[in-house]
Amino acid sequence: MASTFHGKSQRGESGVAAGGGAARAGVVHAPESASELDDMVLRLAGMLFGCEEGRLVWVSGLSPDGEPVRHQWPTTPLSRAEWTLIAEARRLRACVVRPAGRQGWLLAAHPFEHAQAVMLAEWPEDSGLPDTPPAGLTEFLSLLALRMRVEVELGAARRAAGRMEKAAKLQSAFYLIADLASSELDMQEMLRRVQAVVKGLLYADNFSISLYNPERDTLRFMYFSDGKSPTAFNVGTEIPGSRLANSLTMAVIRQGRSLQGPSRCLRELLGLEGAGEFGPESVDWLGVPMIAEGRVQGAVVVQSYDPGQRYTDADQALLAFVAQHILTALERRQAHDELERRVEERTQALTQEVRERQRGERLQTALFQIADLASSELDMAEMLRCIHDVVRGLMYARNLLIVLHNDERDTLRFIYHADEMDPDLVAIDVDVPAETMRDTMTLGLVRHGRPVMGPPARVTAQLGIPEGVYVGAMAEDVLGVPMVSEGIVRGAILVQSYDPAVHFEADDRALLTYVSQHILTALDRKQAQADLERRVESRTRELAAVVGELRAQIRERERVEQQLMHETRHDSLTGLPNRGFLYDALDRAIARRQRNPDHSFAVLFLDLDRFKVINDSVGHHAGDKVLKQAGTRLAACVRPFDVVARLGGDEFAMLLEDVNLPEEACHLAQRVIQSLGAPMYIDGKELFTSASIGIALGHERYQRAEEMLRDADVAMYRAKAHGRRRFEIFDERLHGEALELLELESDLRRAIRRSEFVPYFQPIVRLRDRHVVGYEALLRWRHPSRGVLTPGAFLEVAEESGSVEQIDWQMFEKTCRMVQRQHEDVGYVTINVSPRHFRSPVLADQVLRMLDAHDLPHDRIRLELTEGALLDNPDQVLTTLEVLRDAGVVAALDDFGTGYSSLSYLHRFPLHSLKIDRSFVTALRRGEEAGSEAVVRAVVVMAETLGMDVIAEGIETGEQCDYLLEIGCELGQGFLFSPARPASEWAAWRAH
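Think of each chain on its own: its residues are numbered from 1, step by step along the sequence as written. Local features in a predicted model are, by the rule used here, given only for residues with pLDDT of at least 70; side-chain atom pairs are given and counted only at 80 or more, and totals for whole chains, interfaces and linings are based on all residues. In computing side-chain properties, one takes all heavy atoms of the structure into account and sets aside hydrogens as well as water.

(A) Summary view of the environment of Thr442. Numbering goes from the N terminus for both helices and strands, where a helix is a DSSP run of H or I of at least four residues and a strand is a run of E of at least two. On the secondary structure map, Thr442 appears in helix 10 (residues 441–448). In this structure the C-alpha to C-alpha distance between Thr442 and Ile402, which are 40 residues apart in sequence, comes to 9.4 Å. Contact partners of Thr442, with chain neighbours within four places excluded, come to Leu401, Val403, Leu412 and Phe414. Residues count as neighbours in contact if any of their non-hydrogen atoms are within 4.5 Å of one another.

(B) Focus on the pattern of salt bridges. The salt bridge definition used is simple: a Lys or Arg side-chain nitrogen within 4 Å of an Asp or Glu carboxyl oxygen. In total, this model carries 52 salt bridges according to the counting rule given. Salt-bridge contacts for Asp431 lead to Arg409; the nearest nitrogen and oxygen are separated by 3.6 Å. Of the two residues, Asp431 sits in strand 14 (residues 431–433) while Arg409 sits in the loop between strand 12 (399–406) and strand 13 (411–418), which places them 22 residues apart along the sequence. The exposed category is assigned to Arg409, whose relative accessible area is 53%. When salt bridges that share partners are traced, they join Glu338, Arg341, Arg342, Glu345, Arg539 and Glu542 into one network. Type-normalised accessible area, obtained with a 1.4 Å probe on protein chains alone, sets the label of each residue: buried when under 20%, exposed when over 50%, and partly exposed for intermediate values.

(C) Seen up close, helix 17 (residues 705–721). For helix 17, with 17 residues, the first-to-last C-alpha span of 25 Å sits near the 24 Å given by 1.5 Å per residue. Along helix 17, the residues classified as buried are Ala705, Glu707, Met708, Leu709, Asp711, Ala712, Ala715, Met716, Arg718, Ala719 and Lys720. Positive phi appears at Gly723, one or two residues downstream of helix 17, with a value of about 120°. One less than the residue count of a helix, multiplied by 1.5 Å, gives the span that helix is expected to have.

(D) Representation of empty space enclosed by the protein. Only protein atoms enter the 1 Å grid used here, on which a cavity is any set of points holding a 1.4 Å probe that cannot leave and a pocket is any open set flanked by protein within 12 Å on both sides along at least five of seven lines; residues with an atom within 4 Å of a point are listed as lining. Grid points are joined across faces, edges and corners, and a volume is the space filled by probe spheres set on the points. Inspection of every chain in the model, using the stated rule, returns three cavities of 30 Å³ or more. The space that makes up the largest cavity amounts to roughly 240 Å³. Considering the residues around the largest cavity, the lining is formed by 24 residues, among which Phe233, Thr249, Phe278, Trp285 and Gln303 are closest to the centre. Breaking the lining of the largest cavity down by element, the ones donating at least two residues are strand 6 (206–213), strand 7 (218–225), helix 5 (248–255), helix 6 (263–270) and strand 11 (295–304). Looking at the lining of the largest cavity residue by residue, the classes come out as 11 nonpolar, 10 polar and three charged. Note on residue categories: nonpolar means Ala, Val, Leu, Ile, Met, Phe, Trp, Tyr, Cys or Pro, charged means Asp, Glu, Lys or Arg, and polar means any other residue, Gly included.

(E) A look at unusual backbone geometry. In this structure, Pro74 follows Trp73 across a cis peptide bond, with omega equal to 0°. By secondary structure assignment, the location of Pro74 is in the loop between strand 2 (68–73) and helix 2 (80–92). Of note, Glu486 is a non-glycine position whose phi angle comes to about 55°, a positive value. Relative to the assigned elements, Glu486 resides in the loop between strand 16 (477–485) and strand 17 (488–497). In this structure, Ser755 is a non-glycine residue whose phi angle is positive, near 55°. Here Ser755 shows up in the loop between helix 18 (732–754) and strand 25 (757–766).

(F) Focus on the sheet that holds strand 8 (residues 238–240). Here we have six strands laid out as an open sheet, ordered 8-7-6-11-10-9, and antiparallel in their pairing. Every interior strand has two partners, whereas the edge strands, strand 8 and strand 9 (259–261), have only one. If you compare each strand with its neighbour and ignore which way they point, the axes differ by 25° on average. Only when DSSP finds a minimum of two bridges between them are two strands counted as paired. Relative to strand 11, strand 6 is paired through six bridges, and the arrangement is antiparallel. Counterpart to Ser208 in the pairing with strand 11 is Val301. Most of the contacts of helix 4 (residues 187–199) go to strand 7, to which it runs at about 65°, and overall it touches strand 6 and strand 7. For helices, the fitted line uses only the C-alpha atoms of the stretch in contact; every axis is such a line through C-alpha atoms, and the angle between N-to-C directions lies from 0 to 180 degrees.

(G) Structural context of the packing of aromatic side chains. Aromatic pairing here means that ring centres of Phe, Tyr or Trp (its six-membered ring) are within 6.5 Å. Orientation follows from the plane angle: under 30 degrees is stacked, over 60 is edge-to-face, and everything else is tilted. What the rule picks out here adds up to eight aromatic pairs. Ring geometry for Trp781 versus Phe794: centroids 5.2 Å apart, planes at 85°, classification edge-to-face. Within this pair, whereas Trp781 is found in strand 26 (residues 771–783), its partner Phe794 is found in the loop between strand 27 (787–789) and helix 19 (795–801), the two being separated by 13 residues in sequence. According to the relative accessible area criterion, Trp781 is buried, its value standing at 0%. A residue is classified by how much of its surface remains accessible, and Phe794, at 1% relative accessible area, is buried. Taking the centre distance of 5.0 Å and the plane angle of 85° together, the rings of Trp809 and Phe812 count as edge-to-face. Pair noted here: Trp809 and Phe812 are both in helix 20 (residues 804–821), with a separation of three residues, about one helical turn.

(H) View of the nonpolar core. The nonpolar core is taken to be a set of buried Ala, Val, Leu, Ile, Met, Phe, Trp, Tyr and Cys residues, with the residues joined through side-chain atoms within 4.5 Å. Counting residues in each nonpolar core, the largest one holds 61 residues, and the members touching the most others are Leu906 and Leu964. Those residues in contact with Leu964, other than ones at most four positions away along the chain, are Leu767, Val921, Leu924, Val936, Ala952, Ile955 and Cys969. Counting residues in hydrophobic clusters, the runner-up holds 33 residues, among them Leu180, Leu202, Ala204 and Met222.

(I) The pairing of strand 30 (residues 891–896), seen in detail. Taking burial as the measure, the six residues of strand 30 include six buried ones, the bulk of the element. By the bridge criterion, three bridges tie strand 30 to strand 31 (residues 913–916) in an arrangement that is parallel. When the sheet's bridge partners are listed, Phe896 is paired in strand 31 with Ile916.

(J) The arrangement of the UniProt feature "domain: GGDEF" (unreviewed entry) in the protein in detail. In the numbering used here, UniProt assigns the "domain: GGDEF" (unreviewed entry) feature to residues 599–732. Taken end to end, residues 599–732 has its terminal C-alpha atoms 21 Å apart, with 43% of it in helix and 28% in strand. UniProt positions are given in the numbering used here, feature names are shortened, and annotations may be inferred rather than shown by experiment.

Here's what the structure looks like:
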């Protein structure tokens, strides 16, 4: 609806009127809450129709459990009989009446269509209900139904917004927790920030995270933050489960389920003793287990000491979900720390080994053969045999024994034995307890810890072995040296001779001592090599697992990126490509056409006819389902490589390439119309819709996608203008109209620069004596070639091009100048204000400065606005109107009854008068019950109750004037009194 001060021209301006009349009766109190508004409505019903004990009962939606959420005002509980009456009225969708509890009164329930609401009130028995309701009651209930419907829709919108905001916060929290797990922060700082994330979701000032070790039955608090007992638990310390027998945290872990409630009540429920060392009792306590692979790994606990902070079932479900993400973050962090620790340990071990090898290489210069053997790939037995051969080349060593000692287990293990007299004296690589080797030369040498040499009798004496004790054949001479490492005897080497001519000397002892260290080094290196290979193999497996996990994460990230890319280029509701996707595809088709003139393509632009009716009747949820089903049907009408896109709202577009034009495009349009014309079954209802389609064929004049979509859009609106459920092809005729539109826009800009817009004035009269009380200023364009134009010829284009505000300010300025020149008493003048102006917070200051600049009293100018302006930005409009009212500039609501006609507007906004739309005045017929008399009468009564003036627009006959006077309407305007005239004709007309 055009809501500027010149927006009546499309009606021929036979009924253009402005708010005005007598002085305001008083300031209307605007309700500050929904309940206050409901209370005011019920009082108004009692004043108008005589009902008492009025109540409003409505359903705002479904609870999470699927149950209806009921509300009522006043909140006094209803009886079972009243609930039964309400249910019967909603079921029958009609007024239901029962005897009231007092004599001479009836209890009636009036249901509201599409609002899920009922008005319950007591009525006198002579009220005529339910068959003959009081005059105006039906209209009053219709207005009230709109109010209740708005209340229900606002409630649904708030719940939907809350759910979306909560989902967004939860998703953001999960991303933050995942990022923290991958950060370089230490564990405590990371978990402190995790607590901050959780606090953004629920009350978590007192927060702890603990991990459970089932093998050791211990609990370790990874993080603990509590305002009343900050030191109750040491972070990182393992606590035996037996000590935590009365802990609620351990109870959550033992039972593997969440616990919620006051801590004292939970302890009584679980049979636990008092809190004791675990801190004070909390007002509310919530703990959830962290579970992985079916096993409880720990728990997350929040608690509140503040009676105003309690937890809900939703908080419990939320914390349980967050706990799993915290567990994942902990596991990732612990795996990362463990990996770093192992890498550090391995680095240190390898570094030490390198040092030992470097020292060994320096020491093995003289005996490089032994060093080479020690570094060879030979197994232990072969290496020792080769070393034995090397030693035999240096000294007499036919009989050689090498033994290792395990100090921890106190055992001996013979790793090499070669004896010409007793070759099978000992078992190789078998641990032998030292106790069984007591009083032997081998064990004695290990215990002695120093080299020995000489005949067996002397050696046994040195070792403290009883005389006469000897194992094996008696040797002639013996040489034994211990293998010492870091002061610890780790074994011994013995050589002996059975030849009386062979005796060992000091050089042999030094050589064997030196060789013993190389043998020990060789043994250590062999063992280290075996351990290294084992650790490398284990580490390789671990790294492979980590690499596999990283690859899985990379694949998941790539999948998420692909999903995000898909979502940015596709409509979230229907899954179809969106406007951006279509623009890219259309630009490619245009570029291909420029390269190859034979390439043919077409764009079909369509929207669903009367889709708003579906939204308003069955709701936006059902409307969304209609859009989804429409998208599915459209996709089924085209080839796989064609593009079907949703542009927004109920608008769709289709791109066809490589087709025979225009035949195939027309056939497709017909298929789409037939497909969308079939009934849709939505939520148990059979819904029907249709489509109007505009077709733009590929042409060399198109350089951008926007140009082709614009032309298809023009053709679509031409199809709507010709009756809907049809298609139109954009041709040269439409192209010419588009050029005319462009020319009109240029003319408008030139007209603004040349100041070609002037006001015409139509009088507002007192119907009783036809005395002029004021005028309404109406827009006219003195076009240089087309003459005087009414707004119907250009206003819509001006609004779409954004030039309407500049036109308005020219009109405001000229109107004030002309009013200033009129010295005689002409009353007030109303000017229509476009809704665009009310978006500016400085509108009131601009209007007042303009009045002061022309030295005009503020009560000489009044503003006129439509309901559309109130809907656009209600808070800003309210502020602007209040500032103007306080300064003496009053406002009128134009075309009342053709829009939402909401009572809330009349209560909330400081309005001085209402203007009855000319359609109601034209329909006035004496004796016709179906006419508009009831509406006009209701508006008059309501305005009188609220202290507002009423002005009837479009009065063209004396009969209409007389009828309005009988109804109670005192002011009006129309062709009966005068058409709109320029200011120069004021004086002549008033004199006439």
